[in-house]
Amino acid sequence: MSAARLTGTKYGCGSGGCGACTVMLSRYDPHCSANACLLPVVSLHGAAVVTVEGIGSTKTKLHPVQERIAKAHGSQCGFCTPGMVMSMYTLLRNQPQPSLEDIREALTGNLCRCTGYRPIVDGFKTFCGISSELFHMNGVLPLDPSQDLIFPPELMLMLQKGGGGRLCFQGNRVKWFSPADLSDLLELRAAHPNAPLVVGNTNVGEAAHSGVTFGSACSLSEVKEELQGAVGRLDPEESRVFQALLNTLRCLAGKQIRNMATVGGNILSADPKYDLSCILAAADCTLQLVSKGGTREVPLNEKFFAGFGRTHLRADEVLLSLHIPRSQPWEFVSAFRQAQRREFAFSIVNAGMKVVFKEGTDTVQSLSIFYGGMGPTLLRVKRTCEGLVGMSWNEGLLEEACRLLAEEVALPPTAHGGKTEFRSILSLSFFFKFYMQVVQELREKGVGVADLPLEYLSHCSRSYLLTILHPSHIQMVSEIQSSKDPVGRPRVHIAAFQQATGEAKYYDDLPAVSGELFVFMVTSTRAHAKIISMDFSEALRVPGAVTFLSARDVPGQNRRLWFNNTEELFAEEEVCCVGQIIGAVVAESREQAKRAAERVRVTYDDLSPVFFTIEAIQHQSFFNPKRKLERGNVDEAFGKVDRILEGEMYMGGQEHFYMETQGLIAVPRGEDGEMDLYVATQHAAFTQEVVGHTLGVDSNKITCHVKRLGGGFGGKVMKIASLSAIAATAAYKTGRAVRCVLDRGDDMLITSGRHPFLGKYKVGFMNDGTILAADITYYSNGGSTLDESSFIMEKALLHMDNGYKIPNLRGHGLVCKTHLPSYTAFRGFGGPQGLTIIESILHEVAAECGLPAEEVRAVNMYSEEESYTHHRQPFCPRDMVRCWDECLEKSDYSSRRLAVQHFNATNRWRKRGICAVPLKFGIGFSKGFYNQGAALVNIYKDGSVLVSHGGTEMGQGINTKAVQIASRILGVPMSSIHIKETCTGNVPNAAPSAASFGTDAVGMAVKDACEKLMKRLEPVMKAYPKWTWSQWVITEAYCQKISLSATGFFMGPHTSVDWEKSEGAAYYYFTFGACCSEVEIDCLTGDHKVWVTLKAGGSAGVSRWQVEGGFVQGLGLYTIEELQFSPDGALRTRGPNQYKIPALCDIPPQLNVHLLADSQNPNAIYSSKGIGEPPVFFGCTLFFAIKEAIAAARRESGLNGRFALSSPATVEKIRMACVDRFTEMVCFTSSSFQGSQQPV
Ligand SMILES: Cc1cc2nc3c(=O)[nH]c(=O)nc-3n(C[C@H](O)[C@H](O)[C@H](O)COP(=O)(O)OP(=O)(O)OC[C@H]3O[C@@H](n4cnc5c(N)ncnc54)[C@H](O)[C@@H]3O)c2cc1C
Ligand code: FES
Ligand code: FES
């Protein structure tokens, strides 16, 4: 598609895991959405592919899907938008009047990291006739299916004529055959027994009474559709197998994958994580295999599988079809799965179970139980099943089943895949769930089984989204504001339409420069080692390879300098983490560069590494500076308190997972060392500086251009400067333009993310919960280099009080030096970690005092009008207290808490928790000199205005706000104002777009520039008051030689902290908020769901959608996203299939955002409030609500004491912490389970 200059289809992962590349694929009718990244072009013969460009454009007409996602604010950075549009468009092609459930299903395979999904659904649900408070349909295009593209007539003719013969496509390295028919396939299979079979679609047909037969090449979507039909037609007793399969298919992968993946492929992949084999085996399905020699039928069970990825299919055979029998009246079937995320995630364990009873009794006649994810292949628990035959379905059977199962499924701690205890417990939990379901069903059939407490049956309720997501509430602008004045109004992102049509250009969408090369990084495979040698001779023999780069090729300095901290661009002598860049291969194409990079041979001499924070503490391996903040006399206060508590809290890191991976294009200009970089950076000036140092060239020769980023979240500040310097070195060495685009896996490996934190604390408090003293030591895992770690630690320390006045408070901050990739800035910049530790303390104090947590929070909250933070910065907490009070009131906190208690008393296996927290978050840089903004505003002779500024547009809407501000001051409509790009040649030395401060700083600078221009125009305006803007500008100002170009500057506050004295105004101002969340957990599996009421102080406008997006990122941080490393320090979670960010299924059905009315902020532009970063922290309400729910579950097992729970509260950790009879059978569950394979 890039050859056709169709750039709307995006690369986000290359593995079917994000949906950014979604296109519509049609073989006449129906149409289906598909992941372009998984579609071999040669498989598309005869198919029509429609990309986002094909359905509408800003030049002609938008498609209603494009218009509605844009107008509903469903496009922030816009990188996911074309994929979202195509998923929805395909749905509408097949179903012009979809239901909410259809929309939910259509979007399961599309991820968005910015919006939190609510606005996307808001726009799309209008196609179901449901309008939203925030999205008005006035003037919106109606959906008119008659306007849609038709299937190309030439393809239709081709289809009518018949497929023709066998097709063969011959490439340099691969040969592809498309067989004409089944016999041709069998010929090919016999001739090429080792060639992989990649599958297309065949037919589907129902066999009269025995069940359903599917051709092996039926897609999972087709299977689902057919089963749905069968379930509708059949008696429920006959369709139990089908229902169980449907439950599984509902969560299996995303819609695009289900459209392409075949049922045969799923089975024959023989991957135990795949979900179908277990339930199909339990249901006694059979497979029909065919070869040139004939057909044979085999049962689908454990004997069919030979090992991981292997079956007993003969080399010349193919799977023709699969037969699924109907269920019989005394037969009960169920399927289970538990994954890291509820949908669109591979299961950790899955199971299929069937029991047959002697007619009219509860006596087991036969039982089959299969597990996936418990070993290299399908596991049948034969002994357990046989041991239970003849028993009655009652407590005795359950006891015996658990005893047998615990023996049969026990995994050794070293078993492949980790999470061994969790997996074993899940297998017991699944059986227990099955047991309970069957009890219920037997009862319905009038067969009395042993009495069961009513509260036990709660495990059965399982509800999913999508109910209608509740709208957010807007703070309206004042009534007297002119209707022409856009400031404060929720305007559509100015590039939203371009983003929705795929016209918006990101760095990798720029067409190749003539002679352009590609650079691919070679990274260390060792965590800590001396480099002995590097042999790149093989790499250079790969066709297309041009050169190899290492430290020796750097013309200037091989280091990135940041506040006196240096970091090597290429490791020279020693590597200090897996993923450290040691060299790079430059080649003619990206595939060639990648292939060549794989052939670079490096020999190492290993040194001993340190990975974990606790190891670093033991070795005293810390970076400098070590920070401390102290107020009051902590030690003395400990002598005066009623109680003292000591504990610790660990919080894991987080991957940015911006949808656009990092990269750039470096274009040498061939004159005077000039070089242009088209780069995805949040800090263009720093990139420019680093490239200059690397090339040994002055900054005035290096120009960085940033059009927009597909998300940044703090991850595109530092490492991108190193990548730019390397690409620039390649361009310098070859004299040709060089493109660098990190694969998703490399991006995750090389650039790293949010710091893991460990907080150890001692807290002294009175019996009413008043905290008098707290001593907290924060340890962050900084990774192998300092990067921004010390500033991040400072921010954590500066937020350690949150909204609480703790008179004696001491915090130490130490950054651990380990051999992991260097952790870096991430939305919140240490704030969430600092805040979470103090909230954990509040939570523990409340539990210890036996008081409701909200009471303890309220009693400790700052309340004086003139309060001082622990670093002695004055502030007024009035708005925080208002947010807190309103949050409790609007969320109906008191009655909800009672309802939670009631729910917990009446449900044994599901528990609820509720938590509310306040927030005080510092806005601006504590390094005072960064608090500056610059802009350049040009008015052209036709009256149009061009604004340039130093910020980066990455979805937060900085350009939209800059245009709104310019529009207000200049009095011209927004449509006459344009922002082209961020360019270091226009606005020099700009601060990074970070710290929730970019808009404030840039907005002020734009305002300043516009005011200067207005001042110059004032005499003309006064002289000709009736003239229009153009007349003033064109007719008079230009002729009077009035300069129509002005720079604007904003000199922000001089924040700084004196760390010796523990004092200083660290922030420009504070943003306040409060949040309340309610969750429900499944104690048997760890699954959880969320309801939320959220409240935040802030201004209206584009940024308000950031509140929801930030919150959902926090939801990921605190409950889902988990980085995993191998024992030798290699990141294992290197793509969306291993690392899960929140998907649509994770979003709370109620997410109410209220912006505080009448809150003024005299410090920032037009009372705006920095709300980009703070809402991430609100995700911690989910964590503490989950902890409360777990505590309720533990009380059922007689465990009343404190217990440790580290963040994120993943399904694994939740399940392990809900100690019960099953956990005790499998393991020695420690009360402080910290999760698998995570550096602590
Ligand atoms: C992002 C993503 C998420 C996923 N999530 C899940 C999930 O949650 N649960 C789950 O169960 N699966 C999941 N999958 C796996 C998916 O279901 C399988 O990849 C798919 O079913 C394989 O079907 P296919 O047609 O693409 O097979 P192919 O990839 O074409 O083939 C797979 C294997 O089967 C062989 N094969 C296929 N058909 C035949 C035949 N008729 N005769 C002989 N050999 C044959 C092929 O030679 C190959 O070895 C996911 C996949 C992706 C990419
Ligand atoms: S790029 Fe295709 S799914 Fe992510
Ligand atoms: S708008 Fe969805 S990823 Fe940015």
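Residues numbered from 1 in each chain as written. Chains lettered and ligands numbered in written order. Predicted model: local features only at pLDDT ≥ 70, side-chain atom pairs only at ≥ 80, totals over all residues. Heavy atoms only, no water.

Going by an unreviewed UniProt entry, the protein chain carries the name Aldehyde oxidase 5 and comes from Scleropages formosus. Note on the protein chain: under the UniProt heading Sequence similarities (unreviewed entry), the record states "Belongs to the xanthine dehydrogenase family." According to its UniProt record, the protein chain has this under Subunit (unreviewed entry): "Homodimer." (UniProt positions renumbered as here; feature names shortened; annotations may be inferred.)

### Brief notes about the overall build of the protein chain
Per the secondary structure count, the protein chain includes 34 helices and 44 strands. Relative to the compact-globule value of 33 Å for 1240 residues, the protein chain shows a C-alpha radius of gyration of 31 Å, a close match. Taken along its principal axes, the extent of the C-alpha atoms in the protein chain is 95 × 85 × 70 Å. Going through the 1240 residues of the protein chain one by one, you find that 64% of them count as buried. Across the protein chain, contacts joining residues at least 24 apart in sequence account for 77% of those joining residues at least 6 apart. Per element, the accessible surface of the protein chain, about 44300 Å² overall, is 51% carbon and sulfur. Charge separation in the protein chain, taken as the distance between the mean sites of 123 positive and 126 negative side-chain charges, equals 3 Å. (Helix = DSSP H or I, 4+ residues; strand = E, 2+ residues; numbered from the N terminus. Rg over C-alpha atoms; globule rule 2.2 N^0.38 Å. Buried < 20%, exposed > 50% of the residue type's maximum accessible area, 1.4 Å probe, protein only. Contact = heavy atoms within 4.5 Å. Areas by Shrake-Rupley, 256 points an atom, 1.4 Å probe, with all protein chains shown as cover. Lys, Arg positive; Asp, Glu negative; His and termini not counted. Charge placed at Lys NZ, Arg CZ, Asp CG, Glu CD.)

### Comments concerning the site of ligand 1
Within the structure, ligand 1 sits among 26 residues, and Ser216, Thr262, Asn266, Asp275 and Leu319 are positioned closest to it. Between Ala253 and ligand 1, the recorded distance is 3.3 Å, taken from a backbone N or O atom to an oxygen atom. Contacts to ligand 1 include Leu319, whose backbone N or O atom sits 2.8 Å from a nitrogen atom. At the level of elements, helix 10 (263-268) and strand 12 (318-325) are the ones that each hand at least two residues to the shell around ligand 1. No other element matches helix 10, which puts 3 residues into the shell around ligand 1. In terms of residue class, the shell around ligand 1 is built from 16 nonpolar, 8 polar and 2 charged. (Near = heavy atom within 4 Å. Polar contact = N/O pair within 3.5 Å; in protein donor to acceptor, adjacent residues only side chain to side chain. Nonpolar A, V, L, I, M, F, W, Y, C, P; charged D, E, K, R; others polar.)

### Here we look at empty space enclosed by the protein
Tallied over the full model, the rule gives 13 cavities of 30 Å³ or more. For the largest cavity, the calculated volume is near 150 Å³. Looking at the largest cavity, it is lined by 15 residues, and the ones nearest its centre are Glu567, Cys577, Gln580, Ile581 and Lys719. Contributing elements (two or more residues each) for the lining of the largest cavity: strand 21 (565-568) and helix 21 (719-734). Among the residues making up the lining of the largest cavity, the classes are represented as 6 nonpolar, 6 polar and 3 charged. (1 Å grid on protein atoms, 1.4 Å probe; cavity = no way out; pocket = protein on both sides within 12 Å on 5 of 7 lines; lining within 4 Å. Points joined across faces, edges and corners; volume = space filled by probe spheres on them.)

### Regarding the UniProt feature "binding site: Mo-molybdopterin" (unreviewed entry) in the protein chain
Following the UniProt record, one finds the feature "binding site: Mo-molybdopterin" (unreviewed entry) at Gln682, Phe713, Arg827 and Ala995. Along the chain, Gln682 turns up in the loop between strand 28 (675-679) and helix 20 (684-695). Under the relative-accessibility criterion, Gln682 is labelled buried at 2%. In contact with Gln682, other than residues within four places in its own chain, are Leu709, Gly712, Phe713, Gly714, Gly715, Lys716, Val717, Thr952, Met954, Pro992 and Ser993. A distance of 2.9 Å separates the side chain of Gln682 from the backbone nitrogen of Gly714, its partner in a polar contact. Mapping Arg827 onto the fold places it in the loop between strand 33 (808-817) and helix 24 (831-849). Excluding anything up to four places from it in sequence, Arg827 contacts Phe713, Arg754, Pro832, Gln1106, Gly1109, Gly1110, Gln1113, Gly1172, Glu1173 and Val1176.

### A look at the UniProt feature "binding site: substrate" (unreviewed entry) in the protein chain
Within the UniProt annotation, "binding site: substrate" (unreviewed entry) is assigned to Phe829. Summarising the element assignment, Phe829 is placed in the loop between strand 33 and helix 24. With a relative accessible area of 18%, Phe829 lands in the buried category. Look past the residues within four positions of Phe829 in its chain and what remains in contact with it is Arg754, Glu788, Phe791, Ile792, Lys795 and Glu1173.

### Some points on the packing of helix 28 (residues 958-970) against helix 29 (residues 998-1023)
Contact geometry of helix 28 with helix 29 gives a least axis separation of 9 Å together with a crossing angle of 25 degrees. Taken as axis vectors, helix 28 and helix 29 run roughly parallel relative to one another. In terms of crossing hand, the pair formed by helix 28 and helix 29 is right-handed. Between helix 28 and helix 29, the contacting residues are Ile958, Lys961, Ala962, Ile965, Ala966, Ile969 and Leu970 on the first element and Gly998, Thr999, Val1002, Gly1003, Val1006, Lys1007, Cys1010, Glu1011, Leu1013 and Met1014 on the second. Within the contact of helix 28 with helix 29, the residues separate by chemical class into 11 nonpolar, 3 polar and 3 charged. (Axes fitted to C-alpha atoms, helices over the stretch in contact; angles between N-to-C directions. Parallel < 35°, antiparallel > 145°, perpendicular 65-115°, else oblique. Left-handed = near helix turned anticlockwise from the far one by under 90°.)

### Focus: the packing of aromatic side chains
By the definition in use, this model includes 34 aromatic pairs. Here Phe622 and Tyr779 contribute two aromatic rings whose centre-to-centre distance is 6.2 Å and whose plane-to-plane angle is 25 degrees, an arrangement assigned as stacked. Of this pair, Phe622 sits in the loop between helix 18 (613-618) and strand 25 (627-631) while Tyr779 sits in strand 32 (residues 771-783), placing them 157 residues apart in sequence. For Phe622, a relative accessible area of 16% translates into the label buried. Look at Tyr779 and you get buried, because its relative accessible area is 12%. (Phe/Tyr/Trp six-rings, centres within 6.5 Å; stacked < 30°, edge-to-face > 60°.)

### Some details on helix 6 (residues 182-191)
Taken together, the buried positions of helix 6 are occupied by Asp184, Leu185, Leu186, Leu188 and Arg189. Turning to helix 6, the residues buried within the fold contact strand 5 (175-178), strand 8 (286-291) and strand 12.

### Quick word on the packing of helix 20 against helix 21
Running from amino to carboxyl end, helix 20 crosses helix 21 at an angle of 40 degrees, the nearest separation of the two axes being 9 Å. The angle between helix 20 and helix 21 falls in the class oblique. The two elements helix 20 and helix 21 cross, and the hand of that crossing is right-handed. In this structure, helix 20 contributes Phe686, Thr687, Val690, Val691, Thr694 and Leu695 to the contact, and helix 21 contributes Ile720, Ala721, Ser724, Ala725, Ala728, Thr729 and Tyr732.

### Looking at the pattern of salt bridges
In the structure shown here, the tally under the stated rule is 79 salt bridges. For Arg93, the salt bridge goes to Asp148, with nearest N and O atoms at 3.9 Å. You can see Arg93 sitting in helix 2 (residues 81-94) and its partner Asp148 sitting in the loop between helix 4 (118-124) and helix 5 (153-161), a full 55 residues away along the chain. For the pair Arg93 and Asp148, a shared accessibility class is recorded, and that class is buried. (Salt bridge = Lys/Arg side-chain N within 4 Å of Asp/Glu carboxyl O.)

### Details of the nonpolar core
Residues Phe124, Tyr371, Trp393, Phe431, Met521 and Trp1029 are the most contacted members of the largest nonpolar core, which totals 305 residues. For this core, the element with the most residues is helix 14 (residues 420-444), which contributes 13 residues. Every residue in contact with Met521, bar those within four places of it in the chain, is listed here: Ile581, Gly583, Ala584, Ala597, Leu723, Ile726, Cys740, Leu742 and Ile750. In this structure, Cys218, Leu234, Leu313 and Ala335 belong to the second largest nonpolar core, which totals 42 residues. (Core = buried A, V, L, I, M, F, W, Y, C linked by side-chain atoms within 4.5 Å.)

### Regarding the state of the cysteines
Counted according to the given criterion, the structure contains 0 disulfides. Take Cys740: it sits in no disulfide, and the sulfur closest to it among the cysteines is that of Cys704, at 14 Å. Among the residues examined, Cys740 registers a relative accessible area of 1% and is labelled buried. (Disulfide = S-S within 2.5 Å.)

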